[in-house]
Amino acid sequence: LGDRDRAWGEVQAALKTPGSYELEYRIVTAFGEERWVWERGRGIYGVLGELLGLEGLVLDMDPGRRAESAVRELNAELERRVHERTVAFEVANAELESFAFSVSHDLRAPLRAICGFAEILRRRYRDLLDGDGQRYLDNVAAAGVRMGALIEDLLLYARTGRGSVRAVPVPLGPLVAELGAGYAERIAACGAELAVREPLATPRGDPTLIRQILSKFKAVTAFHGH
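No experiment lies behind these values; they were computed from the predicted model shown.

To continue, consider the overall build of the protein. Of the regular secondary structure elements, the protein holds six helices and five strands. Each helix and strand of the protein, ordered N terminal to C terminal, gives the series α-β-β-β-α-α-β-α-α-β-α. Within the protein, the proportion of its 226 residues that are buried is 21%. A sequence separation of at least 24 residues applies to 58% of the contacts in the protein between residues at least 6 apart. Of the roughly 16000 Å² that the protein leaves accessible, carbon and sulfur atoms contribute 60%.

With that settled, consider helix 4 (residues 172–182). The complete set of buried residues in helix 4 reads L172, L175, V176, L179 and G180. Across the axial projection of helix 4, the buried residues extend over an arc of 130°, all falling on one side. Pointing more than 90 degrees away from the buried face of helix 4 are the exposed residues P174 and A177.

Glancing now at the confidence of the model for the protein. Averaged over all residues, the pLDDT of the protein is 78; the fraction at 70 or higher stands at 89%. Mean pLDDT across the secondary structure elements of the protein bottoms out at helix 6 (residues 207–224), with 60, and peaks at strand 4 (residues 168–169), with 86. Long-range and interchain partners of residues 218–226, a stretch whose pLDDT sits below 50, account for 15 contacts in this model, where long-range means more than four residues apart.

To continue, consider the layout of surface pockets. There is about 300 Å³ of room inside the largest pocket. In terms of lining residues, the largest pocket is bounded by 16 residues, among which A143, R146, L150, G182 and Y183 are the most central. For the lining of the largest pocket, the secondary-structure elements that each account for two or more residues are helix 3 (131–159), helix 4, helix 5 (184–189) and helix 6. Ranked by residues supplied to the lining of the largest pocket, first place goes to helix 3 with seven residues. The residue makeup of the lining of the largest pocket, split by class, is nine nonpolar, three polar and four charged.

On to the sheet that holds strand 1 (residues 20–28), then. Taking strand neighbours across the sheet as the criterion, the three strands line up as 1-2-3 in an open arrangement whose pairing is antiparallel. Edge positions in the sheet fall to strand 1 and strand 3 (51–60), since each has one partner strand and no second. Taking the axes of each pair of neighbouring strands and ignoring which way they run, one obtains an average angle of 30° across the sheet. Of the pairings in the sheet, the one linking strand 2 (residues 34–45) to strand 3 comprises nine bridges and is antiparallel in character. When the bridges of strand 3 are listed, R40 appears paired with L57. The strands that helix 2 (residues 62–125) touches are strand 1, strand 2 and strand 3; relative to strand 2, the one it contacts most, it runs at about 135°.

To continue, consider unusual backbone geometry. Along the chain, E198 connects to P199 via a cis peptide bond; the corresponding omega equals -5°. Tracing the backbone through its elements, the reader meets P199 in the loop between helix 5 and strand 5 (204–205).

This part is about a nonpolar patch on the surface. Together, W8, L51 and L54 make up an exposed nonpolar region whose accessible area comes to about 310 Å². With respect to the helices and strands, the residue L51 is situated in strand 3.

Moving on, we come to the pattern of salt bridges. Summed over the entire model, instances satisfying the criterion amount to 14 salt bridges. The closest approach of N and O atoms between R6 and E10, which form a salt bridge, is 3.0 Å. With a gap of four residues between them, R6 and E10 both fall in helix 1 (residues 2–14), about one helical turn apart. Between R35 and E33 there is a salt bridge; the shortest N-O distance is 2.8 Å. A cluster of three or more residues bridged by salt bridges with shared partners is formed by E33, R35, D60 and D62.

Within the largest apolar cluster, ten residues are counted, these being V170, L172, L175, V176, L179, Y183, I187, A192, I210 and L214. Going through the elements one at a time, helix 4 and helix 6 are the ones with two or more residues in this core. With four residues, the top contributor of residues to this core is helix 4. Apart from the residues within four sequence positions on either side, L172 is in contact with L200, A201, P203, I210 and L214.

Bringing helix 2 into the picture now. Relative to the 94 Å expected for 64 residues at 1.5 Å per residue, helix 2 spans 89 Å between its end C-alpha atoms, a close match to the ideal helical length. Along helix 2, the helix axis deviates most sharply at R108, where the bend reaches about 30°; the proline P110 sits within four residues downstream. Looking at helix 2, one finds that the buried residues are D62, N93, E97, A100, S104, L111 and A118.

Criteria and cut-off values
- Residues numbered from 1 in each chain as written.
- Predicted model: local features only at pLDDT ≥ 70, side-chain atom pairs only at ≥ 80, totals over all residues.
- Heavy atoms only, no water.
- Helix = DSSP H or I, 4+ residues; strand = E, 2+ residues; numbered from the N terminus.
- Buried < 20%, exposed > 50% of the residue type's maximum accessible area, 1.4 Å probe, protein only.
- Contact = heavy atoms within 4.5 Å.
- Areas by Shrake-Rupley, 256 points an atom, 1.4 Å probe, with all protein chains shown as cover.
- Arc of directions from axis to C-beta.
- pLDDT = per-residue confidence, 0-100.
- 1 Å grid on protein atoms, 1.4 Å probe; cavity = no way out; pocket = protein on both sides within 12 Å on 5 of 7 lines; lining within 4 Å.
- Points joined across faces, edges and corners; volume = space filled by probe spheres on them.
- Nonpolar A, V, L, I, M, F, W, Y, C, P; charged D, E, K, R; others polar.
- Pairing = 2+ DSSP bridges.
- Axes fitted to C-alpha atoms, helices over the stretch in contact; angles between N-to-C directions.
- Patch = residues over 30% accessible without salt bridge, like charges linked within 9 Å, V, L, I, M, F, W, Y side chains within 5 Å.
- Salt bridge = Lys/Arg side-chain N within 4 Å of Asp/Glu carboxyl O.
- Core = buried A, V, L, I, M, F, W, Y, C linked by side-chain atoms within 4.5 Å.
- Expected span 1.5 Å × (residues − 1).
- Bend = angle between axes of the 7 residues up to and from the residue.

This is the structure we're talking about:
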């Protein structure tokens, strides 16, 4: 092995001065197996400074070396997988954003028409409606506004893959009140009741994502009548 000449050269250089030396090198056992060893030794000198011999110890370092090699290979494999997952994640985010833009564009035109006609009805014919009719019309107009906000939230949600999620204080009171009003008809229709225990917390998070979470929760509870 090339290590033999290197190791012996290091030992000879170390023996030129008193003191101990340490080094690692490979050996080949009597069975032809290559192994790493660690050696520590020092020279034994006579009264005239002549080298009389060597003393020290040699330890088998091969298990540790093999473990280090296995760890390096594992790290390399993990890095490769992380890179592959990152690329796949970026592709999925790009597809999600493209889908969100397409859907939002398709939804905005009919939503503008709904909101526009609802506003015309409120201005011209609101006084001709009874109390229930006026309330239903107001609900249509409010639902149109919320739908517009949800479309914008969809776009913002799609863009979260390209940047960090905002972490800001988000008061839950207004969000819960808004969602409660939006689902009031569904909650009443299934005989449920929305009870909110005040005061509500003000967690730190992304307002868009928290709104989406609460909206999904309200939809599920209203559907099941809890």
